[in-house]
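# Tertiary structure, described
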Amino acid sequence: MSSTAILGCMWGDEAKAKIVDVLGANADIVVRFQGGSNAGHTIIIDNDKYILHMVPSGIVNPKIICVIAPGVVLNPFEMIDEMQGLKERGVDFSNRLLIDPRANLVLDLHKDLDCKSEQGTNGNKIGTTKRGIGPAYADAVARTGLKIYHLYDEVTLKSMLIQIYQSHDRNLTETELKEIVEELQVAAEYLKPYVKQTPYYLNEQIKAGKEIIFEGAQGSLLDITYGSYPYVTSSHTVSGGISIGCGVPPNKINKIIGVYKSYFTRVGEGPFPTELLDKTGDQIRTQGHEFGSTTGRPRRCGWFDAVASGYTAMLNGVDEMALTLLDVLTGVGDVKICTGYKYKDEIIKEFPAEVRILAEVEPVYEEMPGWEEDISSLTEFDALPQNAKNYIKRIEELLGIPATIISVGPDRKQTIFR
Ligand code: IMP
């Protein structure tokens, strides 16, 4: 029995949820440890599509218990909407969801602040999902944030709301305060049966030998410390964030699976060295349905970047790679892998700390022959076209990690295990 982390190792949207779903067949518990409703996790089961933002991907498997750990920022209204939608589709939540009382709340105020700063008048546009994630984490760190447990203490709730609004130079009238408190209290009642300390639960379950999956949201290159700052999200998306986010010590995490797409994508602002602003980029976007599941924005597409991928493999301690969306590269012609960055007259192999340098580097490519065959129904590695096999092997070689799972389509069944 073991615990496994499934982490996005790019700029998000690596098809992590599909991998969680596929590996979840043997899991007991799936845990979200960071992020919030900025995530958009898509699972397809026999043509049935689920897009999850807050609820862990394990929910579609009735035998799995889902945990929202303290490191997540939770918008109670969006959470309830999502739960209602899932219930209408037959998903049963009874005894299957735990929400930690320490999780910080995302309020309408935070969404509003996020939208305002994204209007770009101060030149700070990040291209966020406008879900209020950054402002909610900022309040948490400023020690003014509201937590789930505050919802159950009316006096504290009221005084903290006044304090939060004031800290953002906003005054609440008595009526506004009353309305906000009432709405939050209704949400609190709905969520009450699920609120439970999750670090105790998770550590007990680990002791009992249960199979646990830590489901990452976003990707390592969006990590608040290690990503392409400031064009990042506001949480720790790397494996180190798991322990902080859910109170499970590092020595209890047995395996790290890094999820990499077969090409790169990015949504929002920020440098992207291998971005393709040509027909091939458009073809990848179309074939890969590369439009954000949270915002609907078209994703920027580009070649596989082995410099950035090697960096995230190192940061996370990736043991095995899940290489996803390989089918999307069918028919794009020759494929390229970036193996270094040219900066001024030097070739650099390290992902730059400074976003200014990342914006100036030129990718150095290795070109390989592509493939034309439809690979979306293959279930054996050996059945893949030789050029696809060569491409995978070269990525494995460059990262020094085996690709043990290869995804050739969105459905559970479209998966090759090695
Ligand atoms: P925020 O997380 O909404 O604050 O957005 C910060 C940056 O992270 C923006 O570039 C977003 O596009 C990006 N981002 C946030 N969540 C996701 C995700 O789930 N997939 C891909 N990018 C994301």
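Conventions adopted
Residues numbered from 1 in each chain as written. Predicted model: local features only at pLDDT ≥ 70, side-chain atom pairs only at ≥ 80, totals over all residues. Heavy atoms only, no water. Helix = DSSP H or I, 4+ residues; strand = E, 2+ residues; numbered from the N terminus. Contact = heavy atoms within 4.5 Å. Patch = residues over 30% accessible without salt bridge, like charges linked within 9 Å, V, L, I, M, F, W, Y side chains within 5 Å. Areas by Shrake-Rupley, 256 points an atom, 1.4 Å probe, with all protein chains shown as cover. Salt bridge = Lys/Arg side-chain N within 4 Å of Asp/Glu carboxyl O. Lys, Arg positive; Asp, Glu negative; His and termini not counted. Charge placed at Lys NZ, Arg CZ, Asp CG, Glu CD. Buried < 20%, exposed > 50% of the residue type's maximum accessible area, 1.4 Å probe, protein only. Near = heavy atom within 4 Å. Polar contact = N/O pair within 3.5 Å; in protein donor to acceptor, adjacent residues only side chain to side chain. Nonpolar A, V, L, I, M, F, W, Y, C, P; charged D, E, K, R; others polar. Pairing = 2+ DSSP bridges. Axes fitted to C-alpha atoms, helices over the stretch in contact; angles between N-to-C directions.

## Some words on the environment of Gly-270
Inspection of the secondary structure puts Gly-270 in the loop between β11 (264-266) and α9 (279-287). Setting aside anything within four residues of it in sequence, one finds Gly-270 in contact with Tyr-231 and Arg-300.

## Quick notes on a negative patch on the surface
On the surface, a cluster of negative charge is contributed by Asp-108, Glu-176, Glu-179 and Glu-183. Counting residues per element, the negative patch draws most heavily on helix α6 (residues 174-191), at 3 residues. Relative to the assigned elements, Glu-183 resides in helix α6. The class for Glu-183 is partly exposed, based on a relative accessible area of 40%.

## A word on the site of the ligand
Within the structure, the ligand sits among 16 residues, and Asp-13, Asn-38, Thr-129, Thr-233 and Arg-297 are positioned closest to it. Note that an oxygen atom of the ligand is positioned 2.9 Å from one of the side-chain N or O atoms of Asn-38. Side-chain polar atom of Thr-129 to an oxygen atom of the ligand: 2.6 Å apart, as the coordinates give it. Considering the ligand on its own, with 470 Å² of exposed area, one finds that the protein chains cover 97% of that surface. Grouping the amino acids of the shell around the ligand by side-chain chemistry returns 6 nonpolar, 8 polar and 2 charged.

## Here's the deal with the side chain of Gln-218
Within the secondary structure, Gln-218 is located in the loop between β9 (212-215) and α8 (240-246). At 3.1 Å, the side chain of Gln-218 and the side chain of Asn-38 are in polar contact. Every residue in contact with Gln-218, bar those within four places of it in the chain, is listed here: Gly-8, Gly-12, Glu-14, Lys-16, Gln-34, Gly-35, Asn-38, Ala-39, Thr-233, Ser-235 and Thr-237.

## Thoughts on the sheet that holds strand β14 (residues 320-324)
If you walk across this open sheet you meet the 9 strands as β7-β5-β2-β9-β1-β10-β14-β18-β19, and the pairing is mixed. Each edge of the open sheet carries a strand with a single partner, namely β7 (97-99) and β19 (415-417). Adjacent strand axes in the sheet meet at a mean angle of 20° when their direction is disregarded. Taken together, the 3 bridges between β14 and strand β18 (residues 403-407) define a ladder with parallel strand orientation. Bridge pairing links Leu-323 to Ile-406 in β18. Of the strands in this sheet, β2 (29-32), β5 (65-68), β7 and β9 are in contact with helix α7 (residues 198-207), which crosses β5 at around 140°.

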